[in-house]
Amino acid sequence: MRVERMTNEKFKIFLTFDDLLDRGLSKEELWSDLPRVHRIFSDMMYDAGIELGVELTGVLLVQVYLLQAQGMLIVVTKTEPTDMEDEEDYMEMKVTLDESKEMMFSFEDFEHVIQAGIHLHKLGVTGGNVYYYNDYYYMLLMDEDIIHLDIDQVIALLSEFASASSATSYRLAEYGKQIMKDNACGTIKNYFS
């Protein structure tokens, strides 16, 4: 579990799927076993509060994003309690759960991007975007790019050349440089094979 403060009232938690399994929770159980998920989230909030040195009381707005290959990104916003001033230990979580439609991998070397793109093209993938940001290359694949494939197969293939990344497409679009747009695997095939 990695915790990062965004503002005084907001922080984010990144969990890999291994972190979830260590806590006794699978990706599928997030949608079905709500009481157990709530208890695990409460424990995570407590751990994050200790790590950040913040007392988490009142109402917490918890936005959970399931990232296809990376794990889970949780954004927590602390709000002021409305009429519960006398109860210092009171904590209420309002959780929203959303599943990302994108898969993001980071590459240390452009040659690895080329190799991954060529292998993906052999599997019928022509789409994707490639970005450059903070000395890393990133490949973004959307659901529609890989809908005809088994997602675990795509993750396994990309893991040979790259690492799953918690960077979002919004961050890369704003701060990174887009190298290939919408047709990255097709472009790689045309120019590098």
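Use the structure listed above.
A short tour of the structure in this document, coming up. Values in this document were obtained by computation on a predicted structure and should not be read as measured data.

**Focus on the overall build of the chain**
Helix and strand counts for the chain come out as seven helices and 10 strands. Once the C-alpha set of the chain is aligned to its principal axes, its extents read approximately 70 × 35 × 25 Å. Expressed as a percentage of the 193 residues in the chain, the buried residues total 43%. Contacts in the chain between residues far apart in sequence, at least 24 positions, make up 72% of those at least 6 positions apart. Of the accessible surface of the chain, which amounts to about 10,800 Å², a share of 47% is contributed by carbon and sulfur atoms.

**Thoughts on the nonpolar core**
Grouped together as the largest cluster of nonpolar side chains are 26 residues, with contacts concentrated most on Met103, Phe107, Leu120, Met139, Leu141 and Leu158. For this core, the elements supplying multiple residues, two or more each, are strand S6 (102-107), helix H3 (110-122), strand S8 (136-142), helix H5 (151-159) and helix H7 (184-192). If one sorts the elements of this core by residue count, H3 sits on top with five residues. Not counting chain neighbours up to four residues away, the residues in contact with methionine 139 comprise Met103, Met104, Phe105, Phe107, Val113, Gly117, Leu120, Asn129, Val130, Leu158 and Ile188.

**Thoughts on the packing of aromatic side chains**
Aromatic rings considered in pairs are described by the distance between their centres and by the relative angle of their planes. The final tally for this structure, using the stated rule, is four aromatic pairs. Judged by centre distance (5.2 Å) and plane angle (55 degrees), the rings of phenylalanine 110 and tyrosine 137 are tilted. Of this pair, phenylalanine 110 sits in helix H3 while tyrosine 137 sits in strand S8; the two residues are 27 residues apart in sequence, bridging distant segments of the chain. Judged by centre distance (4.8 Å) and plane angle (55 degrees), the rings of tyrosine 132 and tyrosine 137 are tilted. By relative accessible area, tyrosine 132 is classed as partly exposed at 31%.

**Concerning H5**
Within the sequence span of H5, burial applies to Val154, Ile155, Leu157 and Leu158. Along the axis of H5, the buried positions cluster into a sector of 165 degrees, meaning they face one direction only. Residues of H5 that are buried in the fold lie against S6, H3, S8 and helix H4 (143-146).

Cut-off values and rules
Residues numbered from 1 in each chain as written. Predicted model: local features only at pLDDT ≥ 70, side-chain atom pairs only at ≥ 80, totals over all residues. Heavy atoms only, no water. Helix = DSSP H or I, 4+ residues; strand = E, 2+ residues; numbered from the N terminus. Buried < 20%, exposed > 50% of the residue type's maximum accessible area, 1.4 Å probe, protein only. Contact = heavy atoms within 4.5 Å. Areas by Shrake-Rupley, 256 points an atom, 1.4 Å probe, with all protein chains shown as cover. Core = buried A, V, L, I, M, F, W, Y, C linked by side-chain atoms within 4.5 Å. Phe/Tyr/Trp six-rings, centres within 6.5 Å; stacked < 30°, edge-to-face > 60°. Arc of directions from axis to C-beta.

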